[in-house]
Amino acid sequence: MFETKTISKGVNVHVNETTQFKTINFSIRFKDRLTEENASARAILANVLQHSNEKYPSHTALRMVLDDLYGTSLYIDTTKRGDDHIISLNVETVNDQYLSEEGVLEKVLNLMYLMLFKPNFENGLFKESIFKREQESIIQRIESVFDDKTRYAQQRLMDMALPGHPASISSNGSIEKVKAVTSEALVSAYRNMLDNNEVDIYVVGDVSPDHITSHIRDYFHFADRQQLPKKQQSQLHTPSKSRVLEFEDMKQGKLHMLFFTPVTFRDEEFPVMQLMNGIFGGYAHSKLFANIREKESMAYYVSSSYASQFGLMFVLAGIDSKLEKKAVSLILEQLEEMKQGHITDVELDQTKALLTNQLKEALDSARGQIDIYDQYKELSETFEPAFLIERWEKVTKEIIAQEARKVSLQMTYFLSGKEDETDE
Amino acid sequence: MNKVDFNQLEETLYHEQLPNGLTVYILPKRDFSKTYATFTTKYGSIDNHFVPLGEKEAIQVPDGIAHFLEHKMFEKEKGDIFQEFSKNGASANAFTSFTRTAYLFSATGRIQENVTTLLDFVQSPYFTEQTVEKEKGIIAQEITMYDDQADWRLYFGIIENLYKNHPVKIDIAGTVASIQDITAEHLYTCYHTFYHPSNMALFIVGNVEPDSMMQLVKDNQAAKTFDAPAPIERIFPQEPKEAAVKERILEMGVQKPKLFVGVKPERLDLHGPEMLKHELSAQLAYELLFGRTSDFYHEAYENGWIDESYSFDYSLESGFGYALIGSDTNEPEKLSEEIKKAIHQAVEKWPFGQEDLDRVRRKKIGFFMRALNSPEYIANQFTQYAFNGMNLFDVVPVLEEIEVVDLQNAFASVSAESQQSVFTIKPPENGQA
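Treat the numbers as computed from the prediction; the structure is a model and nothing was measured.

Turning to the overall build of chain A, a few remarks are in order. In terms of regular secondary structure, chain A is built from 15 helices and 13 strands. Against the globule reference of 22 Å for 424 residues, chain A gives a C-alpha radius of gyration of 24 Å, in line with a compact fold. In terms of overall dimensions, chain A has C-alpha extents of about 60 × 45 × 45 Å along its principal axes. The buried share of chain A, reckoned over its 424 residues, is 46%. Contacts in chain A between residues at least 24 apart in sequence constitute 79% of all its contacts with a sequence separation of at least 6.

Glancing now at the sheet that holds strand E14 (residues 311-316) of chain B. All names here are of chain B. Here 5 strands make up an open sheet; going across it, the order is E12-E16-E13-E15-E14 and the pairing mixed. Of all strands in the sheet, those with a lone pairing partner are strand E12 (247-251) and E14, marking the two edges. The sheet shows a mean angle of 15° between the axes of neighbouring strands, taken without regard to direction. Each of E12, strand E13 (258-263), strand E15 (321-328) and strand E16 (420-426) is contacted by helix H5 (residues 150-162), which is oriented at about 150° to E16, the strand it contacts most.

With that out of the way, let us pick up the interface of chain B and chain A. Taken together, the contact pairs 53 residues of chain B with 57 residues of chain A. At the level of elements, helix H2 (81-87), strand E10 (101-107), helix H4 (129-147), helix H9 (295-302) and helix H11 (354-371) of chain B are the ones that each hand at least two residues to the side of chain B that touches chain A. Considering every element that reaches the side of chain B that touches chain A, the biggest residue donor is H11 of chain B, with 10 residues. Here the residues of the side of chain B that touches chain A are counted per class, giving 15 nonpolar, 19 polar and 19 charged.

Residues and elements named next belong to chain B. Entries for chain B in the domain assignment read domain 1 (2-222) and domain 2 (247-426). Tallying the contact residues gives 31 residues for domain 1 and 28 residues for domain 2. If you list the elements that add at least two residues to the side of domain 1 that touches domain 2, you get strand E3 (23-28), strand E4 (35-41), H5 and strand E11 (200-206). Top contributing element to the side of domain 1 that touches domain 2 by residue count: H5, with 8 residues. Looking at the side of domain 1 that touches domain 2 residue by residue, the classes come out as 19 nonpolar, 7 polar and 5 charged.

What follows is about unusual backbone geometry. Residues and elements named next belong to chain A. Phi at Asn123 takes a positive value of approximately 55°, unusual for a residue other than glycine. Mapped onto the elements, Asn123 comes out in the loop between strand E6 (121-122) and strand E7 (125-126). Here Asn123 falls in the exposed class, since 7 other C-beta atoms lie within 10 Å of it. Of note in this structure, Ser297 is not a glycine but carries a positive phi near 55°. Position of Ser297 relative to the elements: it lies in the loop between helix H10 (287-295) and strand E11 (302-307).

Counted at 1.5 Å a residue, the expected span for H11 of chain B with its 18 residues is 26 Å, and the 26 Å between its end C-alpha atoms agrees. Listed as buried for H11 of chain B are Asp356, Arg359, Val360, Arg361, Arg362, Lys363, Lys364, Gly366, Phe368, Met369 and Arg370 of chain B. Packed against the buried residues of H11 of chain B are strand E3 (23-33), helix H2 (59-68), strand E4 (73-81) and strand E5 (84-94) of chain A together with helix H8 (272-290) and helix H13 (395-401) of chain B.

Residue and element names in this part refer to chain A. One can read the domain layout of chain A as domain 1 (3-219) and domain 2 (243-416). Computed over C-alpha atoms only, the centres of domain 1 and domain 2 are separated by 30 Å. Domain 1 puts 20 residues into the contact, and the matching count from domain 2 is 23 residues. At the level of elements, strand E2 (11-17), E3, helix H5 (149-161) and strand E8 (198-205) are the ones that each hand at least two residues to the side of domain 1 that touches domain 2. Tallying contributions element by element places H5 first for the side of domain 1 that touches domain 2, with 8 residues. Counted by class, the side of domain 1 that touches domain 2 contains 8 nonpolar, 7 polar and 5 charged residues.

Here we come to the sheet that holds E10 of chain B. Backbone hydrogen bonds are what pair the strands of a sheet, in a parallel or an antiparallel way. Residue and element names in this part refer to chain B. Across the sheet, which stays open at both edges, the 7 strands sit in the order E1-E2-E3-E11-E4-E10-E9 with mixed pairing between neighbours. Two strands in the sheet have a free side with no partner beyond their single neighbour: strand E1 (2-6) and strand E9 (91-96). Taken pair by pair, the neighbouring strands of this sheet meet at an average axis angle of 15°, ignoring direction. One ladder, built from 7 bridges, connects E4 with E10; its direction is antiparallel. Bridge pairing in E10 links Tyr36 to Ser106. Docked against the sheet, helix H1 (residues 65-73) engages E9 and E10, running at close to 165° with respect to E9.

Okay, the environment of Ala284 of chain A next. Positionally, Ala284 of chain A belongs in the loop between helix H9 (270-282) and H10. For the pair Ala284 of chain A and Glu102 of chain A, spaced 182 residues apart in sequence, the C-alpha to C-alpha distance is 47 Å. Residues within four places of Ala284 of chain A in sequence aside, it is in contact with Phe289 of chain A together with Phe82 of chain B.

What follows covers the pairing of strand E2 (residues 11-17) of chain B. One face of the sheet, then the other: side chains in a regular strand alternate in exactly this way. Residue and element names in this part refer to chain B. When E1 meets E2, the two strands line up antiparallel, connected through 5 bridges. Looking at E2, one finds that Phe6 is bridged to Glu11. Where E1 folds back onto E2 in an antiparallel hairpin, the turn is made up of 4 residues, including Glu10, whose phi is positive at roughly 55°. As paired strands, E2 and E3 are joined by 4 bridges and run antiparallel to one another. The residue bridging Gln17 from the neighbouring strand is Thr23, located in E3.

This part takes up H10 of chain A. Count 3.6 residues to each turn of an α-helix, and residues three or four apart come out pointing the same way. When you tally the buried positions in H10 of chain A, you get 7 out of 9 residues, the bulk of the element. Restricting attention to buried positions, one finds in H10 of chain A the residues Lys287, Leu288, Phe289, Ala290, Ile292, Arg293 and Glu294 of chain A. The elements touched by buried residues of H10 of chain A are H9, E11, strand E12 (312-319) and helix H11 (324-339) of chain A together with strand E8 (79-80) and H4 of chain B. Once H10 of chain A finishes, Ser297 of chain A follows within two positions and takes phi at roughly 55°, a positive value.

Our focus in this paragraph is the environment of Ser8 of chain A. All names here are of chain A. Here Ser8 is to be found in strand E1 (residues 3-8). Linking Ser8 and Glu324, residues 316 residues apart in sequence, is a C-alpha distance of 55 Å. If we skip the residues at most four places from it in the chain, Ser8 touches Phe222, Ala223 and Asp224.

On to the packing of H8 of chain B against helix H14 (residues 404-413) of chain B, then. How two helices sit against one another is set out by the angle between their axes and by the gap between those axes. All names here are of chain B. Remark: H8 packs on H14, axes separated minimally by 8 Å, with the N-to-C direction vectors making an angle of 90°. Taken as axis vectors, H8 and H14 run roughly perpendicular relative to one another. On the side of H8, the interface is formed by Lys277, His278, Ser281, Ala282, Leu284 and Ala285, while H14 contributes Asp406, Leu407, Ala410 and Phe411.

Residue and element names in this part refer to chain B. Packing of H1 against helix H6 (residues 184-194) brings their axes to within 10 Å, and their N-to-C directions diverge by 95°. Here H1 is positioned roughly perpendicular relative to H6, judged by the angle of their axes. Listed contacts from H6 to Ile65, Ala66, Leu69 and Lys72 of H1 are His186, Leu187, Cys190 and Tyr191. Considering only residue class, the contact of H1 with H6 consists of 6 nonpolar, 1 polar and 1 charged.

For the rest of this paragraph, the subject is the environment of Asn95 of chain A. Residue and element names in this part refer to chain A. Relative to the helices and strands, Asn95 resides in the loop between E5 and helix H3 (104-117). Sequence separation of Asn95 and Val207 is 112 residues, and the distance between their C-alpha atoms is 9.2 Å. In contact with Asn95, not counting residues within four places along its chain, are Lys22, Thr23, Ile24, Gly205 and Asp206.

So, on to the pairing of E14 of chain B. Residue and element names in this part refer to chain B. Every second residue of E14 is oriented toward a common face, the buried set being Phe312, Tyr314 and Leu316 and the non-buried set Ser311, Asp313 and Ser315. Bridge analysis of E14 against E15 gives 6 bridges, and the strand direction is antiparallel. Opposite Leu316, over in E15, you have Gly321 as the bridge partner. Joining the antiparallel neighbours E14 and E15 is a turn of 4 residues, in which Gly319 adopts a positive phi near 95°.

Conventions adopted
Residues numbered from 1 in each chain as written. Chains lettered and ligands numbered in written order. Predicted model: local features only at pLDDT ≥ 70, side-chain atom pairs only at ≥ 80, totals over all residues. Helix = DSSP H or I, 4+ residues; strand = E, 2+ residues; numbered from the N terminus. Rg over C-alpha atoms; globule rule 2.2 N^0.38 Å. Buried ≥ 20, exposed ≤ 12 C-beta atoms within 10 Å, placed from the backbone. Contact = placed C-beta atoms within 7 Å. Pairing = 2+ DSSP bridges. Axes fitted to C-alpha atoms, helices over the stretch in contact; angles between N-to-C directions. Nonpolar A, V, L, I, M, F, W, Y, C, P; charged D, E, K, R; others polar. Domains from an automatic or database assignment. Expected span 1.5 Å × (residues − 1). Parallel < 35°, antiparallel > 145°, perpendicular 65-115°, else oblique.

Right under this line is the structure:
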């Protein structure tokens, strides 16, 4: 899928030459260790770098240049994966051949260079007014989670179940730590990103790998750097409470259940756990959907998801506030079915077919190709869909039941709207 | 089968209207693994007052029925259609909008089986009183879920402010109370009236061979019998030009106020190429006035009147439309005042010239080219345009011929003070949300 070249130690360029898309996609990813402090500084940094640069010192000037480059999309965001915090510069531009104009690509590369290497500095610091404004933006972004009650409930669950664990740290950091970031700390986060972070540069589009790699060498001067040391997998500790009930001004009850599994992304049984989650609650044919929604008419959404980086599984459902106990017992009943190996051939085949379909479909977008390769290159440097599909094919019901028996409920969190109507 | 080449875009569209009235579109994308198909009826939440097929008197049906019908299409005597799609490795779904109900799947294999399942399940209604009753609990939870979503409430709240009589003001899914009145008989009446092939379009985009795919659809349709196509009589109330409600506030459990300023277009009778030109022109005008390069955006962002949730949009259908500008904000009064001021100033003295137009035109062409990477965008947008007599692939040529005066004319339809409204969601007065 991707052809990889190392341009400096710890800096790799991955190119997929393809005519599938009308655009060329770039993603430059800076990887660092995930801590609350680090995430907080880097979230502000991403926004400040995206705002403007030395040549285009106002947001308006920068956006006008992008409009002129046929609405080239350019944004810098932060994500996290496992113990890593990632800043990405993402750019998508129309391939020249569809336009009546040439040289767009070179201009875009130059702009990417300006965004990363020529920031909007004043006396050796990021311009104060921009820093303050973007610091405020990140605080507001974190606060706005409250307005989306599903995200809010999930955050509350994580904060209470696994405080301080990487699984609970937001890629935006925390309000307290964002407020504590100083101008100097922001500059040091910036230097650290350029000088010490592991860098992966992705390019997808109708470009020749040699040509584009030599351009990238010309524009971006990254020094050699050390790889992030392999860190011990963060331990999961059983939460101190097994059930938490909270109230907010809302109508529907939000049920969020947390389970531990000993299987992570790096384990041999990873594909088994993907299938286990799929049969249990990942799809519209799954046990949870068929029973809690279709048979009992109790929910519009009910599903499970598997966070493979940490070996966590979640079940989410939107239900009437009075029905928490009933829902929990029906959900656990379905998990028991999994543990007993009460899985049909049809359920197994459907889930294999949909996992396969989902993977292949994701590869039909440039962003999907980059995200999937970026994740799986750790397991296979020449990752192709067959890498997973062949493993799913071999899995039997018995093996799935065996892994299901290792899944344990750790906490039930219920966010309810009506204090007087819950089934306490 | 008709074949149209769009040379600059390097796309070819195949299409044909079948004897039963169904329009079929096929757009091959050979480098793609997946195929995405939508089977769409021109029937949405606004079609609640109509003359049922074969009858003379118009009837009014309960709010939320088009959406309810969409849910019930998936259940058959032999079971759930999701199971059928899953067996063939397809992800299936459906949605109901103001004007359309679409059934869809995406898959990377067994495309012929999946297309057949799509056609067959949408063309074989099965409703009983028992299955209809059972669905009410599920849909009540769906409605409750949306009731708790502040952004959703904000969007529908501003539309409700703008329209006095038009059914666009009614929630797409109805209310927990209104769906209780829905019966199997209602569903059959709506189905027979609106799911006739002549009121529907099938769009298949992806890794398909057009000739054999068209043949499969033709054979499938020829084996079924339908009534002769008859025009559908829909009844819409008279709608005044002005916004129905100037200002409204809703209290909800949010941490920060949210608001939309909405503007109701004056021209709601447009169709076909004229509609396309108007919609694109108005979008460009709004981009200049409220986009990321506008004076308004700069001032509002730097002063903290808006945050990252800021958005603006213009959308037009037959009989209704709206321009919306809004954000989460700690200063809702100031923000709505500034939005209205920006519109007013552009009405008083038009501020944009050729250079401005050229820039946002380029931006929009780039956006369109990027969107063509998405099979989902192509199928859904093409169908929505086709139901309004427009062709999606005319977007670039029409953009290229638009002049500054077109922006001014379009903006004149979506700017008058009397057509504006403000809807605000605020945290409860008594302390914490």
